[in-house]
Amino acid sequence: MVIDYIVIAGYFILVLAVGFSFTKMAKHSTSDYFRGGGRMLWWMVGSTAFMAQFSAWTFTGGAGKAFSDGFAICLVFFANTVAYFCGWAFFSHRFRQMRVDTPSQAIKRRFGDQNETFFSWALILFSFINAGVWLNALGVFASAVFEADIAVTIIATGLVVLFISVLSGSWGVVASDFVQTLIVAVVSVACAVVALVKVGGPVELVSNFPGGFIMGPDMNYGLILVGTFVFFLAKQLITIMNMHDSFRFLNAKDSDNARKASLLAMVLMGVGSIIWFIPPWASAILYPDAATAYTQLGDKAEDAVYLVFTRNAMPVGTVGLLMAGLFAASMSSMDSALNKNAGIFVRSIYQPFIKRRGRETDDKKLMNVSRLVSLINGILVIVVALYFKSLKELSLFELMMSVSTMIQVPLMIPLLLGLIIRKTPQWAPWATVALGMGVSWFVAKVFTAHVFADMVGMPAITDREAVDINLMITLAGHIVITAGFFCLTTLFYRADKDKCKVETDKFFADLSTPVISEEGQDNYDRQQRLKLGLMIKIMGGGMLLLTLIPNPMWGRVMFVACAFIIFAMGAMLQKSASTPPNKSSSAAA
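Engineer: So what's going on with the overall build of the protein? Residues and values would help.
Structural biologist: Counting its regular elements, the protein contains 24 helices and zero strands. Within the protein, buried positions represent 60% of all 589 residues. Put simply, the protein shows about 22,400 Å² of open surface, and 68% of that area lies on carbon and sulfur atoms.

Below, the structure written as C-alpha cells:
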C-alpha cells in the first residue's frame, strides 16, 4: 500500500508540473485560457477529445458491466468510434471553422441571443450533473483502494482536480490530457496482456466466460442487443458531435489539425474498446467472487472488479498506476467541464450582463472572473457527486446511461441538427429541448420497459433486459419524436421574420471556409513539443524506478517495457521540436 501511495504522489507531482509549465501560455488572454488561442497541435487535441469520453466510469461502472454481462459493454465504445469517424469525415474541421472561443458563442451565431442564454444555463447545469457522475465513479474506486469513506474520497479528489484545472486553463487541461492518455494506455495494455496470459488466451477467454461471452447472462432476446447498438450509434453521434462538445476541436490550430485530432480519437477509442475490458472479462473466470470483494461499497461492489484483478494478478505497484490512470481519466473529464463552463459563463452570461449595464471590462479582469467561476463550478460538482453517492439503488452504469439518455440527448439534438438544417425558426431549439425532456419523462414514468415488453409479447423480462429496453425506447423516442420535431420546424420558418438571418448566413459561410494556422504558430508548436517531451521523459524515468520494487522477473520486465515506450515517446517529441519548421501561412482564425 505504501508503494501505491508513492506512485500516486509521483503522478500528482508530474501533473502539477505540467500545469505549471503551461501557465504562462494561458495568461495572454481569455481566448488562451478557454481554448489555447486555437493554437494546439492535432495530437494534443486528439488526446483531449479521446479523454473527454473516457473517465473513471470506464474502469468502474463500465468494468462492472463487462464483468457481469460480457461483450455488450463494447457496443457503447464502438459507437464512440463511429462518432469520431463522422467527426473526421464531416464535423471536426467545421467546428474549428465556427471561429469562436466557447460553444455558447457558436450557439449565438447559429440561433441568436435568446437561445445562447437558454443553452448557456442548461449546459452549465448539465455539466454539473455529468461531472458529478464522473467524480462519484472515481470516489467509489478510490475509497475501495484507500479503505476510506466514499464521501471523504469524493471531497479530497475533487479538490485536487479543482486546483489543477483552475491553474492553467485549457493549455494545462489539454497538456495533462496527453500525459494522462499515455498513463491510461500503458496501464490498460499491461493489464490486458497479463489477463490474457493468465486466462489462457483470447479463445479461452471467450469460451469460458460464465453465461456466454456475446450475450451474457440474463439475456433471452438477442434482438435487444442489436437494437441497443443501433440506437447507441445515433446517441453517441448526437452527444459527441454537437456544438456544445465542439470545445475539443476549437483548440486546434487549423482545420486540418482538427480532422487529424478526430481521427486519432477514433483510433484510440476503437483499440481501447476491447483492451479496457479484457481484465474484467478475465476476472469473471479467474475471480468469480470479485463482485463481492468490497462489500463496504454496497450495491456498487461490482464496480471495483478492476481493482480485484490488479491486486491479485498484477505486480506490486500496479494498483498505484491504475489509480493514477483513474485520476487521469476523471481529472480530464472534470477539468474540461470546469474550463468549458467558465468560458460559457464569462462569454455568454457575465460579459453580456456587464455590457447591458453600460460597463466595459478588460481581458485581465475577465481572466480573474474565469478562475473564480472555475472554483465555484468545482465546488458544485463535488456537491452533485455527493448526492449521487446517496443513490445506492443505481449501479454506476445505470446512472451514467440514465443521465446521458434522459438529459444529454434532448439537449444536444438541436445543437447537432442545427449544423445541417439551416432554415429553422428561433423557437425551434428550446422547444425541441422542452419536448425532449417530456419524452424522457414519458418513458421513465409511463411507457416503461415492462409496458413495452408486454405490448410486443416479451413476458417476464430480466432486470438486465429491462435496463437495456429502457435505454433503447428512450433513444428511439428522442430520435423519432425529438429530432423529428426539430426537422419539422422548418415548415414554420419565414425568412422575412428571421431577425438572425444575416448572422446565420455568415455563420454557415464561415463553417465552410477552412482555417489556416496563424503567423507565429511555429513557436507555439515547438513549445508544445518541448514541454510535453520533457514531462513525458520524466514520467518514463519514474516508471523505470518501479523495477526496484520486489516483484517476479516478469513484473520487472513489464515495468521496463512500459518505461521504455514512454521515454521513447518523449524523446521523439523533443527531437521533432528541433527540426527546422516550415513557414506558416496566415489567415484569420
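Engineer: Which residues make up the environment of Val-100, and what values go with them?
Structural biologist: Relative to the helices and strands, Val-100 resides in the loop between helix H6 (74-96) and helix H7 (103-111). Residues Val-100 and Leu-250, 150 residues apart in the sequence, show an inter-C-alpha distance of 7.4 Å. Excluding its chain neighbours within four sequence positions, the residues that come into contact with Val-100 are Arg-35, Gln-105, Ala-106, Arg-109 and Leu-250.

Engineer: Any details on the packing of aromatic side chains? Residues and values, ideally.
Structural biologist: Inspection of the entire model under this criterion finds 23 aromatic pairs. Measuring from centroid to centroid gives 6.5 Å for Trp-427 and Phe-485, while their planes differ by 55 degrees, and the two rings are tilted. Within this pair, whereas Trp-427 is found in the loop between helix H18 (396-417) and helix H19 (428-445), its partner Phe-485 is found in helix H21 (residues 463-488), the two being separated by 58 residues in sequence. Residue class for Trp-427 comes out partly exposed when judged on its relative accessible area of 32%.

Engineer: So what about the nonpolar core? Which residues, and what values?
Structural biologist: Grouped together as the largest cluster of nonpolar side chains are 127 residues, with contacts concentrated most on Tyr-84, Met-98, Met-243, Phe-249, Trp-281, Leu-532 and Met-543. Looking at which element gives the most residues to this core, the answer is helix H9 (residues 150-199), with 16 residues. In this structure Met-243 touches Phe-95, Met-98, Pro-103, Ala-106, Ile-107, Arg-110, Phe-111, Pro-414, Leu-415, Leu-419 and Phe-507, once residues within four positions along its chain are discounted. Ala-131, Leu-135, Val-384 and Phe-388 belong to the second largest nonpolar core, which has 18 residues in total.

Engineer: Would you mind going over the layout of surface pockets in detail, with residue names and values included?
Structural biologist: Computed from the structure, the largest pocket encloses a volume of approximately 760 Å³. Lining the largest pocket are 31 residues, with Leu-182, Ala-185, Val-186, Val-189 and Ile-565 sitting closest to its centre. Counting only elements with at least two residues in the lining of the largest pocket, the list comes to helix H3 (42-52), H9, helix H13 (255-275) and helix H24 (553-577). Here the element with the most residues in the lining of the largest pocket is H9; it accounts for 12 residues. Residues belonging to the lining of the largest pocket are distributed by class as follows: 27 nonpolar, four polar and no charged.

Engineer: Lay out the packing of helix H20 (residues 449-456) against H21 with the relevant residues and their values.
Structural biologist: Axis separation between H20 and H21 bottoms out at 8 Å; the angle between their running directions is 90 degrees. As summarised for this structure, H20 and H21 are arranged roughly perpendicular, according to the angle between their axes. The segment H20 lies against H21, with Ala-449, His-450 and Phe-452 engaging Ala-466, Ile-469, Asn-470 and Ile-473. Residues belonging to the contact of H20 with H21 are distributed by class as follows: five nonpolar, two polar and no charged.

Engineer: Break down the environment of Gly-70 for me, citing the residues and quoting the values.
Structural biologist: The topology assignment puts Gly-70 in the loop between helix H5 (61-69) and H6. The buried category is assigned to Gly-70, whose relative accessible area is 0%. Each C-alpha atom, one on Gly-70 and one on Gly-212, is 7.5 Å from the other, the two residues being 142 residues apart in sequence.

Engineer: Let's hear about the pattern of salt bridges: which residues, and what values?
Structural biologist: A complete count under the given rule lists 11 salt bridges for this structure. Here Asp-69 and Lys-65 are joined by a salt bridge, their closest N and O atoms 2.8 Å apart. Residue Asp-69 and its partner Lys-65 are located together in helix H5, separated by four residues, close to a single helical turn. We note that Asp-69, like Lys-65, is buried. For Asp-510, the salt bridge goes to Lys-506, with nearest N and O atoms at 3.6 Å. You can see Asp-510 and its partner Lys-506 sitting in helix H22 (residues 501-511), four residues apart, about one turn around the helix.

Engineer: Can you break down the packing of H6 against H13 residue by residue, with the values?
Structural biologist: Where H6 contacts H13, the axes come no closer than 8 Å and their chain directions differ by 175 degrees. One way to sum up the angle between H6 and H13 is to call them roughly antiparallel. Partitioned by chemical class, the residues of the contact of H6 with H13 number 13 nonpolar, nine polar and two charged.

Engineer: Describe unusual backbone geometry, listing the residues and the values that go with them.
Structural biologist: In this structure, Arg-99 takes a positive phi of about 55 degrees despite not being glycine. Looking at the secondary structure, you find Arg-99 in the loop between H6 and H7.

Engineer: Describe the state of the cysteines, naming the residues involved and giving the relevant values.
Structural biologist: Applying the stated criterion across every chain, the model contains zero disulfides. Sulfur of Cys-562: no disulfide; nearest cysteine sulfur belongs to Cys-191 and is 9.2 Å away.

Engineer: Can you lay out H13 for me, pointing to particular residues and giving the numbers?
Structural biologist: For H13, with 21 residues, the first-to-last C-alpha span of 31 Å sits near the 30 Å given by 1.5 Å per residue. Next to the buried residues of H13 lie H3, H6 and helix H12 (247-250). Where H13 begins, the capping side chain belongs to Asp-254, and its oxygen is found 3.3 Å from the backbone nitrogen of Asp-256.

Engineer: Tell me what's going on with the side chain of Ser-273, and back it up with residues and numbers.
Structural biologist: Checked against the element boundaries, Ser-273 lands in helix H13. Reaching out from Ser-273, the side chain makes a polar contact with the backbone oxygen of Met-269 at a distance of 2.5 Å. Discounting chain neighbours no more than four positions away, the residues touching Ser-273 are Cys-74, Phe-77, Phe-78 and Thr-81.

Engineer: Give a detailed account of the confidence of the model for the protein, specifying residues and quantitative values.
Structural biologist: A residue-level look at the protein finds 86% of positions with pLDDT of 70 or above and a mean pLDDT of 82. The low-confidence segment residues 583-589, where pLDDT is below 50, has 21 contacts with residues more than four positions distant or belonging to other chains.

Engineer: Tell me about the environment of Val-409, and name the residues and values.
Structural biologist: Mapped onto the elements, Val-409 comes out in helix H18. Residues Val-409 and Ile-479 lie 70 residues apart in sequence; the distance between their C-alpha atoms is 9.1 Å. Once residues lying within four places of it in the same chain are set aside, the contact partners of Val-409 are Lys-235, Ile-238, Thr-239, Ser-404, Leu-475 and His-478.

Engineer: Before we move on, could you go through a nonpolar patch on the surface and cite the residues and values that matter?
Structural biologist: On the surface, Phe-118, Trp-427, Trp-430, Leu-488, Leu-491 and Phe-492 cluster together into a nonpolar patch covering about 640 Å² of accessible area. Assignment of secondary structure puts Phe-492 in the loop between H21 and H22. With a relative accessible area of 53%, Phe-492 lands in the exposed category.

Quick notes on the rules
- Residues numbered from 1 in each chain as written.
- Predicted model: local features only at pLDDT ≥ 70, side-chain atom pairs only at ≥ 80, totals over all residues.
- Heavy atoms only, no water.
- Helix = DSSP H or I, 4+ residues; strand = E, 2+ residues; numbered from the N terminus.
- Buried < 20%, exposed > 50% of the residue type's maximum accessible area, 1.4 Å probe, protein only.
- Areas by Shrake-Rupley, 256 points an atom, 1.4 Å probe, with all protein chains shown as cover.
- Contact = heavy atoms within 4.5 Å.
- Phe/Tyr/Trp six-rings, centres within 6.5 Å; stacked < 30°, edge-to-face > 60°.
- Core = buried A, V, L, I, M, F, W, Y, C linked by side-chain atoms within 4.5 Å.
- 1 Å grid on protein atoms, 1.4 Å probe; cavity = no way out; pocket = protein on both sides within 12 Å on 5 of 7 lines; lining within 4 Å.
- Points joined across faces, edges and corners; volume = space filled by probe spheres on them.
- Nonpolar A, V, L, I, M, F, W, Y, C, P; charged D, E, K, R; others polar.
- Axes fitted to C-alpha atoms, helices over the stretch in contact; angles between N-to-C directions.
- Parallel < 35°, antiparallel > 145°, perpendicular 65-115°, else oblique.
- Salt bridge = Lys/Arg side-chain N within 4 Å of Asp/Glu carboxyl O.
- Disulfide = S-S within 2.5 Å.
- Expected span 1.5 Å × (residues − 1).
- Polar contact = N/O pair within 3.5 Å; in protein donor to acceptor, adjacent residues only side chain to side chain.
- pLDDT = per-residue confidence, 0-100.
- Patch = residues over 30% accessible without salt bridge, like charges linked within 9 Å, V, L, I, M, F, W, Y side chains within 5 Å.

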